[in-house]
Amino acid sequence: MNTPIILAIESSCDDTSAAVLRGNIVLSNIAASQKVHAEYGGVVPELASRAHQQNIVPVIHQAIKEAKIQQKDISAVGFTRGPGLLGSLLVGTSFAKSLSMSLGVPLIEVNHLQAHILAHFIDDANPTPPQFPFLCLTVSGGHTLIVLVKDYFDMQIVGRTIDDAAGEAFDKIGKIMGLEYPAGAVIDRLSAEGDSKAFSFSKPKVAGYDYSFSGLKTSFLYAIQKAEKENPNFIKENLNDLCASIQRTIIEILIDKLEQAASDLNIKEIAIAGGVSANSELRKSITHKAQKLGWKTYIPKFEYTTDNAAMIAMVAKLKYDRQEFADLSITASPRPATSQEI
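Residues numbered from 1 in each chain as written. Predicted model: local features only at pLDDT ≥ 70, side-chain atom pairs only at ≥ 80, totals over all residues. Heavy atoms only, no water.

Labelled according to an unreviewed UniProt entry, the protein chain appears under the name tRNA N6-adenosine threonylcarbamoyltransferase, originating from Bergeyella cardium. Per its UniProt entry, the protein chain bears the Catalytic activity (unreviewed entry) comment "L-threonylcarbamoyladenylate + adenosine(37) in tRNA = N(6)-L-threonylcarbamoyladenosine(37) in tRNA + AMP + H(+)". Quoted verbatim from the Subcellular location (unreviewed entry) field of the UniProt record, the comment on the protein chain reads "Cytoplasm". (UniProt positions renumbered as here; feature names shortened; annotations may be inferred.)

See the structure below:
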């Protein structure tokens, strides 16, 4: 049997992405980001869906061109069904259905959260992929989860945020300091020049392996407001130290719960995924924990951390092997799983 060639589309939020995989090997992974949201300090769903409509044809065209294949070579079309923004998902879903029908190839739906985790199985994502079972800390602007991964499609959420996601906390705290959106990467960059022990912020007390970041954001706001009453230039004069201190606090919260879950479940195989997995402090912290606790850790390449179609194609390939296809009546599903299963 010939190795399948999968074309995949990712449009869950504000990046339009298309990728081509042959087996587990990425032939192309193209993304068009949307700058329009920066002036609003967050993603505007209506603007996002319009931009997807503009970007999806040229992005797919470029992905096929860069992969050096023809449309007739495509074995199946994969797409992000959800979770995500409904308008954005509808653009990708509709286009994938149309393309699948026109090419006469199977259509494969993909769960966005599964894709972040299973990106570790892309050929060049890691020297070796994680061994089942493993724990995956999946952290992005919209999600913060600790997932017990027993098999490719047997995943259990053991911890999740009860309010804001960690990436959302970075963005909101960045906005308080007047940083551009998205703020996570900016905070990470400025932290390199700051003292992470300069300021102390209280950590939330949440039962089990769940997270909370809403209170941290509020306490940071109150601390800034109080300091600015005494010194109007407080943020400007302490920006690097503030960034380093809040970043350290957020990463410590993430790692502490992960360490607790790994200990209780007796698992040494630990992975991180999602946009925040690109954060340098998180990468450094999980590497340090690995040395201290004997973990074997899996840190994805930067191009597979943020939303990208290569991770969608990876899941689609695994489903193709199982002959798990969708029919043309399928619709977008914007809401995340409400149970503990992904």
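## Overview of the sheet that holds strand E10 (residues 296-298)
If you trace the 5 strands from one edge of the open sheet to the other, you get E8-E7-E6-E9-E10, paired in mixed fashion. The open sheet terminates on both sides in strands that have one partner only, identified here as strand E8 (154-160) and E10. Adjacent strand axes in the sheet meet at a mean angle of 25°, parallel and antiparallel pairs treated alike. Pairing of strand E9 (residues 269-273) with E10, which is carried by 3 bridges, proceeds in the parallel orientation. Across the sheet, the residue bridging to Ala-271 is Tyr-298, located in E10. Across the sheet, helix H7 (residues 234-265) lies against strand E6 (134-139), strand E7 (144-151), E8 and E9, angled at about 160° from E6, the strand it touches most. (Pairing = 2+ DSSP bridges. Helix = DSSP H or I, 4+ residues; strand = E, 2+ residues; numbered from the N terminus. Axes fitted to C-alpha atoms, helices over the stretch in contact; angles between N-to-C directions. Contact = heavy atoms within 4.5 Å.)

## Topic: the nonpolar core
Ranked by size, the top nonpolar core spans 45 residues in total, and within it Leu-135, Ile-250 and Leu-258 carry the most contacts. Here the element with the most residues in this core is H7; it accounts for 13 residues. Once residues lying within four places of it in the same chain are set aside, the contact partners of Leu-258 are Leu-135, Leu-137, Ile-146, Tyr-211, Ile-270, Ile-286 and Trp-295. Of all hydrophobic cores here, the second largest spans 37 residues; its members include Ala-8, Leu-21, Ala-115 and Ile-312. (Core = buried A, V, L, I, M, F, W, Y, C linked by side-chain atoms within 4.5 Å. Buried < 20%, exposed > 50% of the residue type's maximum accessible area, 1.4 Å probe, protein only.)

## Let's talk about unusual backbone geometry
That bond from Gly-82 to Pro-83 is cis: its omega, -5°, falls within 30 degrees of zero. Looking at the secondary structure, you find Pro-83 in the loop between strand E4 (76-82) and helix H2 (86-103). A cis amide bond, omega -5°, links Tyr-181 with the succeeding residue Pro-182. For Pro-182, the position within the fold is in the loop between helix H4 (166-176) and helix H5 (184-191). Unlike most non-glycine residues, Lys-68 shows phi in positive territory, near 60°. According to the relative accessible area criterion, Lys-68 is exposed, its value standing at 75%.

## A closer look at the UniProt feature "binding site: Fe cation" (unreviewed entry) in the protein chain
Using the residue numbers shown here, the UniProt feature "binding site: Fe cation" (unreviewed entry) corresponds to His-112, His-116 and Asp-307. Sequence-wise these annotated residues cover 196 residues; spatially they are packed, their C-alpha atoms never more than 8.6 Å apart. Judged by its relative accessible area of 2%, His-116 is buried. Each residue touching His-116, except ones within four places of it in the same chain, is listed here: Thr-138, Ala-273, Gly-274, Thr-305, Thr-306, Asp-307 and Met-311. Secondary-structure assignment places Asp-307 in the loop between E10 and helix H9 (309-321). With a relative accessible area of 19%, Asp-307 lands in the buried category. Looking at Asp-307, its side chain comes within polar contact range of the side chain of His-112, at 3.1 Å. (Polar contact = N/O pair within 3.5 Å; in protein donor to acceptor, adjacent residues only side chain to side chain.)

## As for the UniProt feature "binding site: substrate" (unreviewed entry) in the protein chain
What UniProt calls "binding site: substrate" (unreviewed entry) maps, in this numbering, to Thr-138, Val-139, Ser-140, Gly-141, Gly-142, Asp-171, Gly-184, Asp-188 and Asn-279. Taken from the residues named earlier, the lining of the second largest pocket is made up of Asp-188. Position of Val-139 among the secondary structure elements: in strand E6. According to the relative accessible area criterion, Val-139 is buried, its value standing at 1%. Among all residues touching Val-139, those that are not within four sequence positions of it are Thr-144, Ala-166, Leu-254, Ala-273, Gly-274, Gly-275, Val-276 and Ser-277. On the basis of relative accessible area, Gly-141 is assigned to the partly exposed category, the value being 43%. Those residues within four positions of Gly-141 in sequence are excluded, and the remaining contacts are Ala-165, Gly-167 and Glu-168. (1 Å grid on protein atoms, 1.4 Å probe; cavity = no way out; pocket = protein on both sides within 12 Å on 5 of 7 lines; lining within 4 Å.)

## Structural notes on H2
Look at H2: 25 Å from first C-alpha to last across 18 residues, which is about the 26 Å you get at 1.5 Å a residue. When H2 is considered as a whole, its buried residues turn out to be Ser-88, Leu-89, Val-91, Gly-92, Thr-93, Ala-96, Lys-97, Leu-99 and Ser-100. Within two residues after H2, Gly-104 carries a phi angle of roughly 70°, on the positive side. (Expected span 1.5 Å × (residues − 1).)

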